[in-house]
Amino acid sequence: MRTALVTGITGMDGTYLAQLLLSKNYKVFGTFRRASTPNFWRIMSLGLEDKISLVPMDLTDSNSIINALRISQPTEVYNMAASSYVADSFECPLANLDITGSAVMRLLDAIHTIDPHIKFYQSSSSEMYGNNGAPPMNEESPMNPISPYGVAKLSAHHIVNMYRKAYSIHAVSGICFNHEAPLRGLDFVTRKISNAVAKIKLGLCDNLTLGNLDAIRDWGWAPEYVNGIYLMMQQDEPDDYVLATNYGASVREFAIEAMSRAGIDEKVLKQDKRYRRPIDIDKLTGDYTKAYSVLDWEPEYNYFDVAKMMVDADLQRWKDWQDGKMFPWDAYLYPNEAKVLRRCK
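The structure displayed is predicted, hence computed values, not measured ones.

Conventions we followed
- Once a new chain begins, its residue numbering starts again from 1 and follows that chain's sequence as written.
- Selection of residues for local features in this predicted model requires a pLDDT of at least 70, selection of side-chain atom pairs for listing and counting requires 80 or more, and totals for whole chains, interfaces and linings are taken over all residues.
- Excluding hydrogens and water, the side-chain figures rest on all heavy atoms present in the structure.
- Relative accessibility decides the category of a residue: with a 1.4 Å probe and only protein chains considered, values under 20% of the type maximum give buried, values over 50% give exposed, and everything between is partly exposed.
- Where helices and strands are cited, they refer to DSSP runs of H or I of at least four residues and of E of at least two residues respectively, numbered from the N terminus.
- Criterion used throughout: strands pair if DSSP finds at least two bridges between them.
- Contacts: residue pairs with any heavy atoms within 4.5 Å of one another.
- We call a set of buried Ala, Val, Leu, Ile, Met, Phe, Trp, Tyr and Cys residues a nonpolar core when their side-chain atoms join them within 4.5 Å.
- Every axis in this analysis is a line fitted to C-alpha atoms, fitted for helices over the stretch in contact. Angles between the N-to-C directions lie between 0 and 180 degrees.
- Directions are taken from the helix axis to each C-beta atom, and the arc is the one they span.
- When the strands point away from the viewer, a crossover counts as right-handed if the route from the first strand across the helix to the second turns clockwise.
- In this analysis, rings of Phe, Tyr and Trp, with Trp reduced to its six-membered ring, are considered paired at centre separations within 6.5 Å, and the interplanar angle assigns stacked below 30 degrees, edge-to-face beyond 60, and tilted for intermediate values.
- For a lysine, the NZ atom is tested; for an arginine, the CZ atom; a charge sits over a ring if that atom is within 6 Å of the ring centre and within 35 degrees of the ring normal.
- Orientation is classified from the angle alone, with under 35 degrees giving roughly parallel, over 145 giving roughly antiparallel, 65 to 115 giving roughly perpendicular, and any other angle giving oblique.
- Two helices cross in a left-handed way if the nearer one is turned anticlockwise from the farther one by less than a right angle. They cross in a right-handed way if the turn is clockwise.

Engineer: Explain the pairing of strand 4 (residues 76–79) to me, please; I cannot follow it from the model alone.
Structural biologist: Remark: a regular strand shows side chains that alternate across the two faces of the sheet. In strand 4, alternate side chains face the same way, and those of Glu76 and Tyr78 on one face and Val77 and Asn79 on the other are all buried. When strand 1 (residues 3–7) meets strand 4, the two strands line up parallel, connected through four bridges. Bridge pairing in strand 4 places valine 6 opposite tyrosine 78. Pairing analysis gives four bridges linking strand 4 to strand 5 (residues 119–125), with the strands arranged parallel.

Engineer: How should I be thinking about the environment of isoleucine 169 in this particular structure?
Structural biologist: Along the chain, isoleucine 169 turns up in the loop between helix 6 (148–167) and strand 6 (171–176). Residue isoleucine 169 is classed as buried on the basis of its relative accessible area, which comes to 0%. Considering only alpha carbons, one finds isoleucine 169 and leucine 22, 147 residues apart in sequence, at a separation of 25 Å. The contact partners of isoleucine 169, leaving out residues within four places of it in the chain, are Leu108, Ile111, His112, Pro116, Ile118, Tyr163, Arg164 and Pro238.

Engineer: Quick question: what am I supposed to make of the nonpolar core here?
Structural biologist: Note that soluble globular proteins tend to have their nonpolar side chains buried in a common cluster. Membership of the largest hydrophobic core comes to 69 residues, with the highest contact counts inside it found for Leu21, Tyr78, Tyr121, Ile193, Val197 and Leu208. The biggest single contributor to this core is helix 11 (residues 303–322), with eight residues. Those residues in contact with tyrosine 121 that lie beyond four places of it in its chain are Val77, Tyr78, Asn79, Met80, Val172, Ser173, Gly174, Cys176, Ile229, Met232 and Met233. With 24 residues, the next largest nonpolar core counts Met57, Ala81, Val104 and Val160 among its residues.

Engineer: Just checking my understanding: could you explain the sheet that holds strand 2 (residues 27–32) for this structure?
Structural biologist: Strand pairing in a sheet is mediated by backbone hydrogen bonds. Such pairs are either parallel or antiparallel. With parallel pairing, seven strands are arranged side by side in an open sheet as 3-2-1-4-5-6-11. Each edge of the sheet is formed by a strand with only one pairing partner; in this case those strands are strand 3 (53–56) and strand 11 (240–243). Each strand axis lies, on average, 20° off the axis of its neighbour in the sheet, ignoring direction. In the packing of helix 3 (residues 62–72) onto the sheet, the strands contacted are strand 1, strand 2, strand 3 and strand 4, and the crossing angle to strand 1 comes to about 155°. Packed on one face of the sheet, helix 6 meets strand 5, strand 6 and strand 11 and runs near 150° to strand 5.

Engineer: Honestly, helix 12 (residues 335–343) in this entry has me stumped. Any pointers?
Structural biologist: Because an α-helix completes one turn every 3.6 residues, residues spaced three or four positions apart along the sequence face the same direction. By the burial criterion, the buried members of helix 12 are Glu337, Ala338, Val340 and Leu341. Summarising the axial view, the buried residues of helix 12 lie within an arc of 155°, below the 170-degree limit, and thus occupy one face. Exposed and oriented more than 90 degrees from the buried face of helix 12 are Pro335, Asn336, Arg342 and Arg343. At its buried positions, helix 12 is contacted by helix 7 (189–201) and helix 11.

Engineer: Is there a simple way to think about the pairing of strand 1 in this case?
Structural biologist: The element strand 1 is largely enclosed, with a buried count of five among its five residues. Side chains of strand 1 alternate between two faces, with Thr3, Leu5 and Thr7 and Ala4 and Val6 buried alike. The pairing of strand 1 with strand 2 spans four bridges and is classified as parallel. Each residue of the ladder has a partner; that of alanine 4, found in strand 2, is valine 28. One crossover worth recording links strand 1 to the parallel strand 2 by way of helix 1 (residues 12–23), and it is right-handed.

Engineer: How should the packing of aromatic side chains be read in this particular structure?
Structural biologist: Note on aromatic pairs: each is described by the distance of the centres and the angle between the planes. Considering all chains together, one arrives at 15 aromatic pairs under this definition. Plain terms: the ring middles of tyrosine 288 and tryptophan 297 are 5.7 Å apart, the flat faces sit at 90° to each other, and that makes the pair edge-to-face. Overall, the relative accessible area of 3% leaves tryptophan 297 in the buried class. Where tryptophan 318 meets tryptophan 329, the ring centres are 4.8 Å apart and the plane angle is 80°; that geometry is what we call edge-to-face. Linking tryptophan 318 in helix 11 with tryptophan 329 in the loop between helix 11 and helix 12, this pair joins segments that are 11 residues apart in sequence. In this structure, tryptophan 318 and tryptophan 329 share a single accessibility class: buried. These aromatic residues form a ring-pair network of at least three members: Trp318, Trp321, Phe327, Trp329 and Tyr332. We note arginine 184 situated over the ring of phenylalanine 188; from NZ or CZ to the ring centre the distance is 4.1 Å. We note lysine 290 situated over the ring of tyrosine 241; from NZ or CZ to the ring centre the distance is 5.0 Å.

Engineer: Please clarify how the packing of helix 5 (residues 93–114) against helix 6 should be interpreted in this entry.
Structural biologist: A pair of packed helices is captured by two measures, namely the crossing angle of their axes and the spacing between those axes. Axis separation between helix 5 and helix 6 bottoms out at 8 Å; the angle between their running directions is 15°. Comparing the axis directions of helix 5 and helix 6 gives the class roughly parallel. The two elements helix 5 and helix 6 meet at a crossing, and its hand is right-handed. Taking contact as the criterion, the partners of Pro93, Asn96, Leu97, Thr100, Gly101, Val104, Met105, Leu108, Asp109 and His112 in helix 5 are, on helix 6, Pro148, Tyr149, Ala152, Lys153, Ala156, Ile159, Val160, Met162, Tyr163 and Tyr167.

See the structure below:
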């Protein structure tokens, strides 16, 4: 039986990846960071809490990483952990660089020391490209990140390439463009949209307020992307791969599709400059040609499918809550959402 260690298993990608690996008969260990508020709702929502082994780990501490590797004894390590909310990286740039960038060197150095035959996956990001003026982007496109998060991810991307060449470690980077699903956190724009649309539909709020409506992104379906990640790790030779849909849509278009799904008027969509980043990427679209030719991977879903599925999921959550059902959900973790929950009791 193969064994996988998934860092950041409590996040969206980590949870979907764990589900996939379990379906392929892996023994799955997952690392999590001890926090004041437990964040296991995603794992519980997919019924995985009794199927995986959780290991506490701190990405800023090499001894903690080494301990997690010794406990799990993995054949594959998937690094899905990062400070993934781009806007927050402007508030805490040095912490972001440490957790998202330097931690990858700690992970690979630990693998090199303990067992260099362990395969390693790094979750790279389309944010590394920045405003390079040349979409759609592929594996050879120039990278010019414009956020602390993008800078940290590019640093990690180079670290992976260095360990691959210097120590012959089977280290793979997946350059994933935006990919979404119902397990996305409420900090992210797609989930802000689907959650607000569901509440508007049910009369629980009045409008949907966003920042930059004109930013264009390549929105994919997260469960498809983790399958692409798995395929990368099964290749004989390690390499970098772009996962994308080859199609871009603006935040405004995503929101309109979500509102259309719920049958609500577009007039509820508002814009507030307070929610804009200090600097933003105008357009990010990817080219998955290499993933298709080597991995035989291609996406089935586009942004309009993703918007509909996310709205359907959030509508069901709010309806279930109104019916008094108990289920794993992140709304309780956010003060603004908790106010709605208390007001409607």
